[in-house]
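# Observations on chain architecture
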Amino acid sequence: DFMQAAWDVEQVQAKAIQHLASFVRDKSAFPYLRKFTEVITFAMKTHIDSLTLQVDGCTLLLEILSQALEQDVVMALDESVTSCLLDTVRKHSEKEELLSLLCTLLMMISASEVAAENLKKVGIIPELLSILRSFLHNDKICLSCCGVLWSLAVSENNADQALLGSAVPVTSAVLQEHLQNGAVTESACSALWALSLQGCFTDTDYEPTTTLLLDALRMNPERAVLVKNGCLALASLLRLSELAALAFIVDAKGSGITLIKAAYHIHFDDAGVVEALCLLMNEMAQYDEVVLDMLSQKMEELLSEIKLQF
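Attention in this report is confined to the structure presented alongside it. Computed from a predicted structure; not experimentally measured.

This paragraph deals with the overall build of the protein chain. Within the protein chain, the secondary structure is distributed over 18 helices and zero strands. Its C-alpha atoms give the protein chain principal-axis dimensions of about 75 × 35 × 30 Å. Intrachain contacts of the protein chain at a sequence separation of at least 6 include 73% that bridge at least 24 residues. In the structure as shown, the protein chain presents an accessible area of about 14200 Å², 54% of it carried by carbon and sulfur atoms. When the 21 positive and 41 negative side-chain charges of the protein chain are each reduced to one mean point, those points stand 4 Å apart.

As structure tokens, then:
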């Protein structure tokens, strides 16, 4: 009520957000989190020029969503909330600290399919790509944006293929920039996998993306989720293109077959990883040249071992 009585007074809204923050932190506000979200985003929208209020509002929204996740409650935020966040992104497109908070928030929100659809409706994809181009060096922003792209690409309604397709070179640039950062690489590999499933790749994308994914597996062999999603992305590319298959076996840093063997020996007890490896090998088997390479490297022995194991 206090906030609603003075929407136009920035200082009142800032004080109210601070008061709500203390209420949220002591965990007694759980029944009111949805209402808090509405009033916080309305205050942010009303005072969009205030950087301090945007930062405080985003920080509190993150706390609210984190509490909801802890309670296994999915807060499907409506279009007015996602629209408000997009307005903030556009207004403060050069404020790196705020964008880092916003991107983390967007990643959490996009886990809900309803919210992911709302984000697409309000036009978040071009803004995400612009943020990534401007802040390619920022690992936190890259991780979050790739997470959002993954959620948007795997959601059911993807009418605008061209828009999603424009995410491929940017996501590849993230992967290239952060190959040594396992968490960011994992997020980028997942996004590329989702984009490949949506048919977003062009003929010129297959070879360089295959090489990049092999580099990601080579540099982060211990990360099970990365290996699984990297192999699924590779399987998707090989399903679509012989160029990807040839790049897989003639990579200058070593054949992908060697990487498959290494990945199995590290993750032999992880059914999810092994299943992804089998899907990849299944796609490899459709190309005669790749089959010859598989035979020369005794892949049938690996397949027999997997069969015994599972």
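The terminal C-alpha atoms of helix α8 (residues 139-154) lie 23 Å apart, and with 16 residues this matches the ideal 22 Å at 1.5 Å per residue to within 8%. Among all positions in α8, only I141, C142, S144, C145, C146, G147, V148, L149, S151, L152 and A153 are buried. Packing partners of the buried residues in α8 comprise α5 (96-109), α6 (113-122), α7 (124-134), α9 (161-165), α10 (167-177) and α11 (182-197). A distance of 3.1 Å separates the backbone nitrogen of K140 from a side-chain oxygen at the start of α8, and that oxygen is part of N138.

Before going further, it helps to spend a moment on the pattern of salt bridges. Taken as a whole, this structure holds 10 salt bridges when the rule is applied. Residue K121 is joined to E79 by a salt bridge in which the shortest nitrogen-to-oxygen separation is 4.0 Å. Of the two residues, K121 sits in helix α6 while E79 sits in helix α4 (residues 79-91), which places them 42 residues apart along the sequence. Put simply, D215 and R218 hold a salt bridge, and the shortest N to O gap is 2.8 Å. On the criterion of helical spacing, the pair formed by D215 and R218 is a turn pair, its members being three residues apart in helix α12 (residues 203-219). Each of the salt bridges in this network shares a partner with another, and the network as a whole consists of D215, R218, D251 and K253.

What follows concerns the environment of L213. If you trace the backbone, L213 turns up in helix α12. Judged by relative accessible area, which is 1%, L213 ranks as buried. A C-alpha to C-alpha distance of 14 Å links L213 and L195, two positions 18 residues apart in sequence. Discounting residues that sit within four places of it in the chain, L213 has contacts with L175, C189, L192, G230, A233, L234 and L237.

Residues L85, L175, F248, I260, L280, M281 and M284 are the most contacted members of the largest nonpolar core, which totals 107 residues. Excluding its chain neighbours within four sequence positions, the residues that come into contact with F248 are T210, L214, L234, L238, S255, G256, I257, I260, L280 and M284.

With that out of the way, let us pick up the side chain of S190. Relative to the helices and strands, S190 is located in helix α11. Residues in contact with S190, not counting those within four places in the same chain, are W150 and N229.

Within the fold, L149 resides in helix α8. Sequence-wise, L149 and S190 are 41 residues apart; in three dimensions their C-alpha atoms are separated by 9.1 Å. What L149 contacts, discounting residues up to four positions off in sequence, is L128, L129, L132, A167, T171 and A191.

So, how was this worked out
Every chain is numbered on its own, with residues counted from 1 as its sequence reads. Per-residue local features of the predicted model are confined to residues with pLDDT of at least 70, and side-chain atom pairs are confined, for both listing and counting, to 80 or more; whole-chain, interface and lining totals are unaffected and use all residues. The basis for every side-chain value is the complete set of heavy atoms in the structure, and neither hydrogens nor water enter the calculation. Going along the chain from the N terminus, every DSSP run of H or I of four or more residues is numbered as a helix, and every run of E of two or more is numbered as a strand. The contact definition used throughout considers only heavy atoms, calling two residues in contact when any of these lie within 4.5 Å. To be clear on the numbers: accessible area is Shrake-Rupley with a 1.4 Å probe, and residue cover counts the displayed protein chains and nothing else. This count recognises Lys and Arg as positive and Asp and Glu as negative, with His and chain-terminal groups excluded. Note that the charge is assigned to NZ on lysines, CZ on arginines, CG on aspartates and CD on glutamates. In a helix, the anticipated span is given by 1.5 Å times the number of residues less one. Each residue is assigned to one of three classes by its accessible area relative to the maximum for its type, calculated with a 1.4 Å probe on protein chains only: buried under 20%, partly exposed between the two thresholds, exposed over 50%. Whenever two N or O atoms come within 3.5 Å, that pair is a polar contact, provided that in protein one can donate a hydrogen and the other can accept it, and provided that, for residues adjacent in sequence, both atoms are side-chain atoms. The term salt bridge refers to a pairing of a side-chain nitrogen on Lys or Arg with a carboxyl oxygen on Asp or Glu at a separation within 4 Å. Put simply, buried Ala, Val, Leu, Ile, Met, Phe, Trp, Tyr and Cys residues joined by side-chain atoms within 4.5 Å make one nonpolar core.

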